[in-house]
Amino acid sequence: MDPPQETWRASPGLKKEKEADPVADDVNAFNQLFSELVEGLLSSADSPGTSADYLAEKLRNLIGAKTVLVMQCPRQTHHELHEIVSVFPGRRYEVGHHEAVQELCELSHGFDKARVFSSEAEGSIPAALRRLDSGAALISPLQTGGTRMGVLLMLELMDASGLKTILDTLDRLSTVLALVLRNAFLYTNLEEIVARRTRQLELHSEALAKSLRERDVMLKEVHHRVKNNLQIVNSLLYLQANSSDDPQLREALLKGQQRILSMAMIHEELYRSEDLSSVDLCAYTQRLCDGFASMSGDRIQLHCQEGPLLLPITLSIPCGLILNEFLTNALKYAYAQGQAGDIRVWIQETGGIIDLAVEDDGQGLPEGFGQGNILETKPGSLGLTLVQGLVDQLKGTLTISGSQEGCDDRNGARFAVSFGREGHE
Amino acid sequence: MSRSLEVMIVEDERLISIMLCKMVEKLGHHVCACASSASDALGYLEHGRPDIAFLDIHLDGEQDGISVGKALREKHQVPFAYASAYTDPETRNRAMETLPVAFMAKPIDIESLRKACNSIINT
């Protein structure tokens, strides 16, 4: 880079002339204007173009120059050339695109203060000024904290002789404008980063939503297929039961069919659920009870808590099978042949503890039933084995209570399971 | 014994079709036709007239059970019920627009069939 040529400060002749004729009044007036200019600059700090326009106009009027340009450094804009922030007067905007202006901007790199150049001197800067048909010019770097934001060019100064005393003031004004440009640059940069990040997040979110939709479709298909397969198993057992002449075999097969049906209903509820992962136990139990209608008439009364009781599949399948066993048992044993009576189903969740119970007003329990190890009181009962196993799986407790069969004081039987939601989800 | 109905089963899964036939017979009704596709079902309807039809929605071939339901409603005036594993709201709403007597979600139990048949007998 060429060294600065013939600056106003470096010119002893001019310096002498200024010392001989001080312009203290002008300086004072300019300094008074300084605070007004700073205020004006900052009032439009959110719009660097407006700030630059303001300063360019004010300086042109105060100092007297044909054209004032505010250019932004390419390091800040990531472009190849200095960019025009402001040209005053606006009709001379095209000057900003002159290649000599770009050269002046480049040559001003390394300046730490405002300088005045004559176009008649030797060197690159005067040569560039001549190409612009400019006489003397003022070049002021716009920098703050060591970061160069751009440059202020005042081309064809009307009178370069009286500027020395206001150069410091100009430097300070340039610093304020540089700050405005820097803030604008940071803000723009931040906006770009935010916009880019937002776009990335949007893309990520779209991908996630697409993936979730695909997951839902796949889950739905899985539940559908499981349900269909269970329906086929159900059909096979039903057909097998109906083709058998052995009443015991028929009963066993129909019980198996009913168990499969109770599981298939869970998958039906899952398929219908919004999140495809939880089952409303109350709605499920209602459907299960409806399925028993031919055996029960209208004897089953369902008492559910208000609102849904949502359970994940890991809990809903055991619950469904347990309720199925309780209901089958109650319908078969609670009332003697020909007798009718109510069967009540209770479903309730309180503080994370889920209680299921099936009770009747029937003939009560066989002697010794329900006391001690349940499996030992009725060995060989698949239903009880299943219930005990499922209760263990739920980490719950099974309670069987009721009057003993044959007692005068008959108050039926109650089969209840209680388990905590905690540890399962 | 209440009135015995002539029942048409339209179901592409053979085992389920057989089970439905057995259940219908167990309820005291007669299965007059078993079809696995919409075209088979519509072919039968050219000469036969069931009292009620049970329709799966997903069927062999290009047409689904809902197109059969539409034809039963508009052309043949035969009441029908859907028996389908596709119970999502979109399919269900499309099916309900054809005004079936029931929409039964698989797995089907004999009680659902009984209710649907009784709704025809009692009208």
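Keep in mind that what you see is a predicted model, and the values were worked out from it rather than measured.

Topic: the overall build of chain B
Counting its regular elements, chain B contains 5 helices and 5 strands. Listing the helices and strands of chain B from first to last along the sequence gives β-α-β-α-β-α-β-α-β-α. Within chain B, the fraction of its 123 residues that count as buried is 56%. By sequence separation, contacts in chain B at least 24 residues apart represent 63% of the contacts at least 6 residues apart. Only carbon and sulfur atoms are counted for the fraction: they give 49% of the accessible area of chain B, which is about 5500 Å².

Re the interface of chain B and chain A
For an interface, size is often stated in terms of accessible area lost upon the parts coming together. In this assembly, 21 residues from chain B lie in contact with 25 residues from chain A. Counting the surface lost from both chain B and chain A, the interface buries some 2000 Å², and carbon and sulfur atoms represent 61% of this. Here chain B and chain A share 0 salt bridges between them. Linking chain B to chain A there are 6 residue pairs in polar contact (both at pLDDT 80 or more). Considering each element in turn, the side of chain B that touches chain A owes the most residues, 7 residues, to helix H1 (residues 14-26) of chain B.

Quick look at the environment of Asp 290 of chain A
If you trace the backbone, Asp 290 of chain A turns up in helix H9 (residues 281-291). For the pair Asp 290 of chain A and Ile 300 of chain A, spaced 10 residues apart in sequence, the C-alpha to C-alpha distance is 8.9 Å.

Some details on the packing of aromatic side chains
One pass over the structure, following the stated rule, counts 4 aromatic pairs over all chains. With a centroid separation of 5.4 Å and an interplanar angle of 80°, the aromatic rings of Phe 80 of chain B and Tyr 82 of chain B are classed as edge-to-face. For the pair Phe 80 of chain B and Tyr 82 of chain B, one class covers both residues: buried. With a centroid separation of 6.1 Å and an interplanar angle of 50°, the aromatic rings of Tyr 82 of chain B and Phe 103 of chain B are classed as tilted. With Tyr 82 of chain B in strand S4 (residues 80-84) and Phe 103 of chain B in strand S5 (residues 102-105), the pair connects residues that are 21 residues apart, well separated along the chain. Accessibility expressed as a relative area gives 0% for Tyr 82 of chain B, which makes it buried. Three or more aromatic residues joined by ring pairs make a cluster, and in this case those are Phe 80, Tyr 82 and Phe 103 of chain B. Here the guanidinium or amino end of Arg 115 of chain A rests over the ring plane of Phe 111 of chain A, the centre of that ring lying 4.7 Å away. Here Lys 220 of chain A stacks its cationic end above the ring of Tyr 271 of chain A, 5.4 Å away from the centre of that ring.

Quick notes on the sheet that holds strand S5 (residues 147-157) of chain A
Each strand in a sheet pairs with its neighbour through backbone hydrogen bonds, running either in the same direction (parallel) or in the opposite one (antiparallel). All names here are of chain A. In spatial order, the strands read S2-S1-S5-S4-S3; together these 5 strands make up an open sheet with antiparallel pairing. The strands lining the two open edges of the sheet, one partner per strand, are strand S2 (83-88) and strand S3 (115-117). Sheet twist, expressed as the average angle between the axes of neighbouring strands with direction ignored, equals 20°. Pairing between strand S4 (residues 137-144) and S5: 7 bridges, direction antiparallel. Bridge assignment links Gln 143 to a residue of S5, and that residue is Arg 148. Sheet strands in contact with helix H7 (residues 167-242) are strand S1 (65-72), S2, S3, S4 and S5, and its direction is about 50° off that of S4.

Brief notes about the packing of H7 of chain A against helix H8 (residues 247-272) of chain A
Residue and element names in this part refer to chain A. The geometry of H7 relative to H8 is characterised by a closest axis approach of 9 Å and an angle of 165° between their N-to-C directions. Classified by the interaxial angle, the pair formed by H7 and H8 is roughly antiparallel. When the axes of H7 and H8 are compared, the crossing they make is left-handed. Considering only residue class, the contact of H7 with H8 consists of 14 nonpolar, 8 polar and 4 charged.

Points about unusual backbone geometry
A cis amide bond links Phe 88 of chain A with the next residue in sequence, Pro 89 of chain A, at an omega value of -5°. Here Pro 89 of chain A is to be found in the loop between S2 and helix H5 (99-107). In this structure, the amide linkage connecting Lys 106 of chain B to the following residue, Pro 107 of chain B, adopts the cis form with an omega of 5°. Along the polypeptide, Pro 107 of chain B turns up in the loop between S5 and helix H5 (110-121). A positive phi angle is found at Gln 77 of chain B, which is not glycine, with a value near 55°. Relative to the helices and strands, Gln 77 of chain B resides in the loop between helix H3 (65-76) and S4. Non-glycine residue Leu 99 of chain B carries a positive phi angle of around 60°. Along the chain, Leu 99 of chain B falls in the loop between helix H4 (89-96) and S5. Of the residues examined, Leu 99 of chain B reaches a relative accessible area of 54% and is grouped as exposed.

What counts as what
What you see as residue numbers is a count from 1 along each chain, following the sequence as written. All chains are assigned letters beginning at A, and all ligands numbers beginning at 1, according to the order in which they are written. Reporting of local features is limited, given that this is a predicted model, to residues whose pLDDT is at least 70; pairs of side-chain atoms are given and counted only at 80 or more, and all residues count toward the totals for whole chains, interfaces and linings. Hydrogens and water molecules were not included; the side-chain quantities draw on all heavy atoms of the structure. Secondary structure follows DSSP: runs of H or I at least 4 residues long count as helices, runs of E at least 2 residues long count as strands, and numbering of each begins at the N terminus. Here's how the labels work: a residue is buried when its accessible area is under 20% of the maximum for its type, exposed when over 50%, partly exposed in between, all with a 1.4 Å probe on protein chains only. Two residues form a contact once any of their heavy atoms are found within 4.5 Å. Per-residue accessibility takes into account occlusion by the displayed protein chains alone, with areas from the Shrake-Rupley method and a 1.4 Å probe. Buried area adds together the accessible area that both of two parts lose upon being put together, with accessible area traced by a 1.4 Å probe. Salt bridges are identified by distance alone: a Lys or Arg side-chain nitrogen within 4 Å of an Asp or Glu carboxyl oxygen. Between N or O atoms, a polar contact is any pair within 3.5 Å; within protein, one atom must be a potential hydrogen donor and the other a potential acceptor, and residues adjacent in sequence are included only when both atoms are from side chains. For Phe, Tyr and Trp, rings pair up if their centres lie within 6.5 Å, where Trp contributes its six-membered ring, and each pair is then called stacked (planes under 30 degrees apart), edge-to-face (over 60) or tilted (otherwise). The rule is short: NZ of Lys or CZ of Arg within 6 Å of the ring centre and within 35 degrees of the ring normal puts a charge over the ring. Note on pairing: DSSP must find at least two bridges between two strands before they are called paired. Axes, fitted as lines to C-alpha atoms, cover a helix only where it is in contact. Angles between the N-to-C directions of the axes lie from 0 to 180 degrees. Here the angle decides the label: under 35 degrees means roughly parallel, over 145 means roughly antiparallel, 65 to 115 means roughly perpendicular, and every other value means oblique. Should the near helix be turned anticlockwise from the far one by less than a right angle, the crossing is left-handed, and should it be turned clockwise, the crossing is right-handed. Three categories are distinguished: nonpolar for Ala, Val, Leu, Ile, Met, Phe, Trp, Tyr, Cys and Pro, charged for Asp, Glu, Lys and Arg, and polar for the others, with Gly belonging to the last.

Read these as spatial facts, not as claims about activity.
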